[in-house]
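Here are the chains, one letter per residue:
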Amino acid sequence: MDRLASTLLAFPPGANLISLSNDAAYDSSIKIHMNNLSRLLNDYNSELVAHGHQLLQLLNPAVNSLSYLTVLHALILPSPGVVSSVPSALVLENLVVFLLSFDARQCRYARAHLQDVLAAAGNNQHLPSSVAVEVLATAILNLDPTGSILTSSHILLAKLAYNTNNIDPALKVIDKNIVFYPGMANYSEPKYLCDLTLSPPAYISRETSLTSSLKTSSVLEYDLLCGMMYCSRRDWAKAHAAFERVVTYPSRDGGTSKIMVEAYKKWVLVSLLSKGRLGETPSYTATAATKLYGTLGKPYTAVAALFVTDNGQALKAEVEQNAQLWPEDGNLGLIQEVQAAYQKWRVLGLQQIYTKVSLSEIREQTTSAETGVRLEKDEDIETLIQNMVISGMLKGVIEKNDDGTTFLTFLPPSTQLSEHEYAKELTAAAERLKRLHPIFKASNERLGTSKDYIKHVIKEAKQRERNEQDQAGSFDAHVDDEDLMGGIVATG
């Protein structure tokens, strides 16, 4: 026990993280410590398990993070034949404490041990799912506060959050913009993993074992799950963006996966909900994929075509004609949302014609795609409009004339910001730029070492030189054609 405690407490020296003032000293010291911890796990696993509870009480997870992780790893994933006597509830409590407080700089050296523990937390076998999603999301952002690199832990989190309907705690991770992926070219192992100026892909990689490799299917599945989670919150704009990433994913030899087709069908429906219409697929979508989407997505594009017309009955009939397809595709909920949204978008369309319109006129000019007919009473239209205003979909106000006629006044979008709102916008923009700077720097460095990019730059430079020479030649020819003696007065 004393020998184990001595080794576990050896880093940081004096339990003081500030004592290692520079990266070189920190790197050297922590590598020695990590080697000693690996020997403990391999050679003294049974003793770590036997004294696990007492050892964890000696350690501070925020200071002795690697040592704490070593003991946790032994308790959660003991060697074959080793049985722990520590109550599982106590182990899991310590697991939660660790994942909420570990020192991210130290854990860059944790190798696969951290990934093992994250996997144990996220496999829905040890912790309650609500707790597991929260601690997993916190741990991911602790290791990479920018959230800009997709890791195997992201996939685990997305599956767990969606399958257990614990979406809110995961939003702080899935809301982040993914810029980097494991295995991207032109990233070699850095000199010091502890360098706090490193970009995320420099220390979170297959080589450091803080993430495993991700297959294309995993990347697609992550964005598909993100889109479905946003759908469950009716955040149609974010759902649209997530599905579009899947739809436009570059593929070799024009291949289109089943996940991409599934995402396209959802993308069509969410386009109607977020924009009121279906636009063209982005120009960078693979040609072969676009053709396949057009073929396999015909029932969906047929709905989209009717969504922008004034024929709610035809839209209802089209939906009913494919009643069996929607649940088979897992899109029954979305198609019902589309039917419910149809009349709302028709009301919004009226502001292209009116600035003020009576509720009875709205009732006459719009129909429901859920029933295929007009609403029965003006009160029903009033309820519909009030819900649109409350949700932020419509900017307008319901008023009454002196004769008792109730009407809707469409309000122009607000463009004036108060001084406080303007200052808030400036602060938010500055914060976004600050977060983008290290990502921009890392991308710039990566491009600067890319052979393809260097070839492209050289080619562009040569093209500019040729263009300049051509322009100079055309100017000379133009000058030669002019009468250069024009305007000169003879003095002789």
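To start, this report covers the structure provided alongside it. All figures in this text were calculated on a predicted structure; none of them were measured in a lab.

1. Here we look at the overall build of the chain
Within the chain, the regular secondary structure consists of 23 helices and three strands. Of all 492 residues assigned to the chain, the portion counted as buried reaches 42%. Counting contacts in the chain only where the partners sit at least 6 residues apart, residues at least 24 apart contribute 68% of the total. In the structure as shown, the chain presents an accessible area of about 26700 Å², 51% of it carried by carbon and sulfur atoms.

2. Comments concerning the pairing of strand 3 (residues 406-410)
In terms of residue burial, strand 3 counts as a mostly covered element, since five of its five residues are buried. Of the two faces of strand 3, the one carrying Thr406, Leu408 and Phe410 and the one carrying Phe407 and Thr409 are both buried. Direction of pairing for strand 1 (residues 356-358) relative to strand 3: antiparallel, over a ladder of three bridges. Among the inter-strand pairings, Lys356 is bridged to a residue of strand 3, identified as Thr409.

3. With respect to the pairing of strand 2 (residues 396-400)
Two strands pair when backbone bridges link them, and strand 2 and strand 3 are joined in this way by five bridges, in the antiparallel orientation. Bridged to Lys400 within strand 3 is Thr406. Hairpin connection of strand 2 to strand 3: five residues between the antiparallel strands, including Gly404 at a positive phi of 90°.

4. Details of the side chain of His73
Mapped onto the secondary structure, His73 falls in helix 5 (residues 65-76). There is a polar contact of 2.9 Å between the side chain of His73 and the side chain of Asp116. Those residues in contact with His73 that sit more than four places away from it in its chain are Leu41, Pro78, His113, Asp116 and Val117.

5. Some thoughts on the pattern of salt bridges
Tallying each qualifying case throughout the model produces 14 salt bridges. Measuring nitrogen to oxygen at the nearest pair gives 2.6 Å for the salt bridge that ties Glu337 to Arg234. Note that Glu337 is positioned in helix 19 (residues 332-349) and Arg234 in the loop between helix 12 (216-232) and helix 13 (236-247), a separation of 103 residues in sequence. For Arg234, a relative accessible area of 52% corresponds to the exposed category. The partner of Lys265 in a salt bridge is Asp329, and the shortest N-O contact between them spans 3.4 Å.

6. Points about the environment of Ser199
In this structure, Ser199 sits in the loop between helix 10 (171-174) and helix 11 (200-203). Ser199 sits in the buried class, given a relative accessible area of 11%. With 19 residues separating them along the chain, Ser199 and Phe180 place their C-alpha atoms 9.8 Å apart.

Reading the values: the criteria
Residues numbered from 1 in each chain as written. Predicted model: local features only at pLDDT ≥ 70, side-chain atom pairs only at ≥ 80, totals over all residues. Heavy atoms only, no water. Helix = DSSP H or I, 4+ residues; strand = E, 2+ residues; numbered from the N terminus. Buried < 20%, exposed > 50% of the residue type's maximum accessible area, 1.4 Å probe, protein only. Contact = heavy atoms within 4.5 Å. Areas by Shrake-Rupley, 256 points an atom, 1.4 Å probe, with all protein chains shown as cover. Pairing = 2+ DSSP bridges. Polar contact = N/O pair within 3.5 Å; in protein donor to acceptor, adjacent residues only side chain to side chain. Salt bridge = Lys/Arg side-chain N within 4 Å of Asp/Glu carboxyl O.

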